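Structural description and commentary
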Amino acid sequence: MKGSTRGVGAIREVAQLDREGARFFHQANLVAADPRVKYIFGRAAEEYERAAKVLTSVAGKTKRRPTVPKVFPFEDYQRLECYVCGYEAEAEELPEMCPSCGAARYAFEREMTQSAAWDLVARTTRKVSTFARKAVPRVSKEGMKAALAEAMAIRKGLLAEAKEGKAREDAS
Ligand SMILES: [Zn+2]
């Protein structure tokens, strides 16, 4: 496969960012309090997942995780605080009730407006798109170029959806 693998590294880096996007928005979806905000994060997770699949299908998976810039604010969603007593829990194992004060799971969920949620989707997606655009000249194979373009179109669609959503919320 040597010689035909030129550009694979670039594609794997972009795929890694898309996978991180899917993971981040899935996590944000889990901890969002408002079902409408959950929907927004769910949409973003879906689209990042789709883009990652397209890229992985041409570049294959790698055991070594490529180094990519930090785009998604994971740390904002990793530890959650009970708003009743301040107890901290890990987002991945959100308790059914607060082990410290007995408050319902709801006390750990994150309040966010739909406008802020769409804005988070738009900001991160713009950054990933900028990164992905720089990968294009590093890729020579047509199939890989096509996959990059397809993933770009998916992110573009998501960005348009986020911009529309934010504009709608800001106008209401
Ligand atoms: Zn508590």
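Anything mentioned here points back to the structure above.
In this report, we go over the structure that sits alongside the text. Note that the structure is predicted; figures quoted are calculated from it, not measured.

Glancing now at the overall build of the chain. Each helix and strand counted, the chain has 5 helices and 2 strands in total. Considering only C-alpha atoms, the chain reaches an extent of 60 × 40 × 20 Å along its principal axes. Per-residue burial over the chain gives 34% buried out of 172 residues. Of the contacts formed within the chain by residues at least 6 apart in sequence, a portion of 71% connects residues at least 24 apart.

Now for helix α4 (residues 114-135). The α-helix winds at 3.6 residues per turn, so residues separated by three or four positions along the chain end up facing the same way. Taking 1.5 Å as the rise per residue, α4 with 22 residues should run 32 Å; its terminal C-alpha atoms sit 32 Å apart, in good agreement. Among the residues of α4, Ala117, Trp118, Leu120, Val121, Ala122, Thr124, Thr125, Val128, Ala132 and Ala135 are the ones counted as buried. Check the buried side of α4 and you find it contacts α1 (8-31), α2 (35-59) and α5 (142-171).

With 45 residues, the main nonpolar core has Ile11, Val14, Phe41, Leu55, Val121, Leu148 and Ala151 as its most contacted residues. For this core, the secondary-structure elements that each account for two or more residues are α1, α2, α4 and α5. A per-element tally of this core places α2 first, with 12 residues. Every residue in contact with Ala151, bar those within four places of it in the chain, is listed here: Val14, Asp18, Ala51, Val54, Leu55 and Ala132.

Right, let's get into the packing of α4 against α5. One can describe the packing of α4 onto α5 by two numbers: an axis separation of 8 Å at closest approach and a directional angle of 155°. In terms of their interaxial angle, α4 and α5 are classed as roughly antiparallel. For α4 against α5, the interelement crossing comes out left-handed. Counted together, Gln114, Ser115, Trp118, Asp119, Val121, Ala122, Thr125, Arg126, Val128, Ser129, Ala132 and Ala135 of α4 and Leu148, Ala151, Met152, Arg155, Leu158, Leu159, Ala162, Lys163, Gly165, Lys166, Glu169 and Asp170 of α5 form the full contact between these two elements. Tallied by class, residues from the contact of α4 with α5 come to 12 nonpolar, 5 polar and 7 charged.

Here we come to α5. End to end, α5 covers 43 Å across 30 residues, agreeing with the expected 44 Å (1.5 Å per residue, within 8%). Check the buried side of α5 and you find it contacts α1, α2 and α4.

Another aspect to go through is the environment of Glu164. Within the secondary structure layout, Glu164 lies in helix α5. Taking the C-beta count within 10 Å as the criterion, Glu164 has 12 such neighbours and is therefore assigned exposed. Expressed as a C-alpha distance, the spacing of Glu164 and Ala122, which sit 42 residues apart in the sequence, is 10.0 Å.

With that settled, the discussion passes to the environment of Tyr87. Assignment of secondary structure puts Tyr87 in the loop between β1 (79-81) and β2 (88-90). Linking Tyr87 and Cys98, residues 11 residues apart in sequence, is a C-alpha distance of 7.4 Å. For Tyr87, the residues in contact, after removing those within four places along its chain, are Cys82, Cys98, Pro99, Ser100 and Cys101.

Inspection of the secondary structure assignment puts Leu30 in helix α1. Spatially, the C-alpha atom of Leu30 lies 16 Å from that of Phe72, the residues being 42 residues apart in sequence. Residue contacts for Leu30: discarding those within four places in its chain leaves Ala91 and Leu94.

On to the packing of α1 against α2, then. Relative to each other, α1 and α2 sit at 155°, their axes nearing to 8 Å. What the angle tells us is that α1 and α2 run roughly antiparallel. In the crossing of α1 with α2, the sense of the turn from one axis to the other is left-handed. Grouping the constituent residues of the contact of α1 with α2 by class yields 16 nonpolar, 5 polar and 5 charged.

The rules behind these values
- Numbers given for residues are sequential positions, taken from 1 along each chain in its written order.
- Since the coordinates come from a predicted model, pLDDT governs what is reported: local features require at least 70, and pairs of side-chain atoms require 80 or more to be given and counted, while whole-chain, interface and lining totals use all residues.
- Numbering of helices and strands starts at the N terminus; helices are DSSP runs of H or I of at least 4 residues and strands are runs of E of at least 2.
- A residue is called partly exposed when the number of other C-beta atoms within 10 Å of its own lies between 12 and 20, exposed at 12 or fewer, and buried at 20 or more, with C-beta atoms placed from the backbone.
- Contacts here follow a simple rule: the backbone-placed C-beta atoms of the two residues must lie within 7 Å.
- Helices are assigned an expected span. That span is 1.5 Å times one less than the residue count.
- Among buried residues, those of type Ala, Val, Leu, Ile, Met, Phe, Trp, Tyr and Cys that are joined through C-beta atoms within 7 Å form a set called a nonpolar core.
- Every axis in this analysis is a line fitted to C-alpha atoms, fitted for helices over the stretch in contact. Angles between the N-to-C directions lie between 0 and 180 degrees.
- When an angle is under 35 degrees it counts as roughly parallel; over 145 it counts as roughly antiparallel; between 65 and 115 it counts as roughly perpendicular; any other value is oblique.
- Should the near helix be turned anticlockwise from the far one by less than a right angle, the crossing is termed left-handed; should it be turned clockwise, right-handed.
- Put simply, Ala, Val, Leu, Ile, Met, Phe, Trp, Tyr, Cys and Pro go in the nonpolar bin, Asp, Glu, Lys and Arg in the charged bin, and everything else, Gly too, in the polar bin.

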